[in-house]
Amino acid sequence: GNLIQSGGDLKVNGGSLTVEGNYYIQKETKVEGSEPTYSASKGYLIMTNESDKVLVLGNFVMGANASSSGKLTNGVLEVKGDVTQKTYGNQSNFVTTGDFKLLLSGDEGQSVNFTNTSTSVSRIANLEITNESEAGVAIGSNHLCVTGTLTDNGNKVSGYVMPGTGIDITNNTF
């Protein structure tokens, strides 16, 4: 099922977590007869150990209303669906640094959409793409800032990446 984190800390602490649906770091509001709506979360995902592993079989949405600086510094967040960063009053709610890696491993087309991204706000430290689908990975209309390494493994990627140092890009145009 889905994991909706409307508040609190989810500290992986050297372990692993598999979400068999979507993982939303957002507050969900349900009104009978309507689709749920989402707003800012007061929750944090904390990944600071090398062995931290979160696997999301669906989509991942970062919608915290506070900075994640210092909370996403190590481990691997693997996502099979789309990745979205939404700004709810804080442009730094998806700051990853150090050895943290976002791994896009879907079997179908994936998209990455950040509302705000640069070296001073939300950004990805290290990005690896193992999605071998014909559609590949599409970076949304607002570029994605990657400050460490980007390894596409020769897979199809479209869009614009603002590169940091140590970027490894093959067979793609960003």
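Because the structure is a prediction, the values reported are computed rather than measured. (Residues numbered from 1 in each chain as written. Predicted model: local features only at pLDDT ≥ 70, side-chain atom pairs only at ≥ 80, totals over all residues. Heavy atoms only, no water.)

Student: Before we move on, can you summarise the pairing of strand E14 (residues 126-129) with the specific residues and values?
Tutor: The alternating pattern of E14 places Asn-126 and Glu-128 and Leu-127 and Ile-129 on opposite faces, both of which are buried. In this sheet, E14 lies alongside strand E12 (residues 101-104) in parallel orientation, the contact comprising 4 bridges. Bridging from a neighbouring strand, Lys-101 pairs with Asn-126 of E14. Pairing of E14 with strand E17 (residues 150-151) involves 2 bridges; the strand directions are parallel. (Buried < 20%, exposed > 50% of the residue type's maximum accessible area, 1.4 Å probe, protein only. Helix = DSSP H or I, 4+ residues; strand = E, 2+ residues; numbered from the N terminus. Pairing = 2+ DSSP bridges.)

Student: Can you break down the environment of Val-56 residue by residue, with the values?
Tutor: Of note, Val-56 is situated in strand E8 (residues 53-56). Between the C-alpha atom of Val-56 and that of Thr-18, which follows or precedes it by 38 residues, the distance is 6.0 Å. For Val-56, the residues in contact, after removing those within four places along its chain, are Val-19, Gly-21, Asn-22, Tyr-23, Leu-77, Glu-78, Val-79 and Lys-80. (Contact = heavy atoms within 4.5 Å.)

Student: Describe in detail the sheet that holds E14, supporting the description with residues and values.
Tutor: Ordered in space as E3-E8-E10-E12-E14-E17, the 6 strands form an open sheet in which the pairing is parallel. Of all the strands in the sheet, the pair left with one neighbour each is strand E3 (16-19) and E17.

Student: Residue-level account of the pattern of salt bridges, with values.
Tutor: All told, the structure shown has 4 salt bridges when counted by the stated rule. One salt bridge in this structure joins Glu-28 and Lys-30, with 3.8 Å as the shortest N-O distance. Look at Glu-28 and you get partly exposed, because its relative accessible area is 27%. Here the salt bridges do not stand alone but share partners, grouping Lys-53, Glu-78 and Lys-80 into one network. (Salt bridge = Lys/Arg side-chain N within 4 Å of Asp/Glu carboxyl O.)

Student: Could you give an account of the sheet that holds strand E15 (residues 137-139), with specific residues and numbers?
Tutor: Taken in spatial order, the 7 strands of this open sheet run E1-E4-E9-E11-E13-E15-E18, and their pairing is parallel. Either end of the sheet is taken by a strand with one partner, and the two such strands are strand E1 (3-4) and strand E18 (157-158). Bridging between strand E11 (residues 83-85) and strand E13 (residues 110-114) involves 3 bridges; their strand directions are parallel. Opposite Thr-84, over in E13, you have Asn-113 as the bridge partner.

Student: Pulling in residues and values, what's your account of the nonpolar core?
Tutor: Core analysis: the largest hydrophobic core is formed by 31 residues, its most contacted members being Phe-60 and Leu-77. In this structure Leu-77 touches Met-47, Val-54, Val-56, Phe-60, Phe-94, Phe-100, Lys-101, Leu-102 and Leu-103, once residues within four positions along its chain are discounted. (Core = buried A, V, L, I, M, F, W, Y, C linked by side-chain atoms within 4.5 Å.)

Student: Can you break down the pairing of E8 residue by residue, with the values?
Tutor: Here E3 pairs with E8 via 4 bridges, running parallel. Residue Leu-17 lies in a different strand from E8, and its bridge partner there is Val-54. Examined bridge by bridge, E8 and strand E10 (residues 76-79) share 4 bridges and lie parallel to one another. Residue pairing for E10: Val-54 is matched across the bridge by Leu-77.

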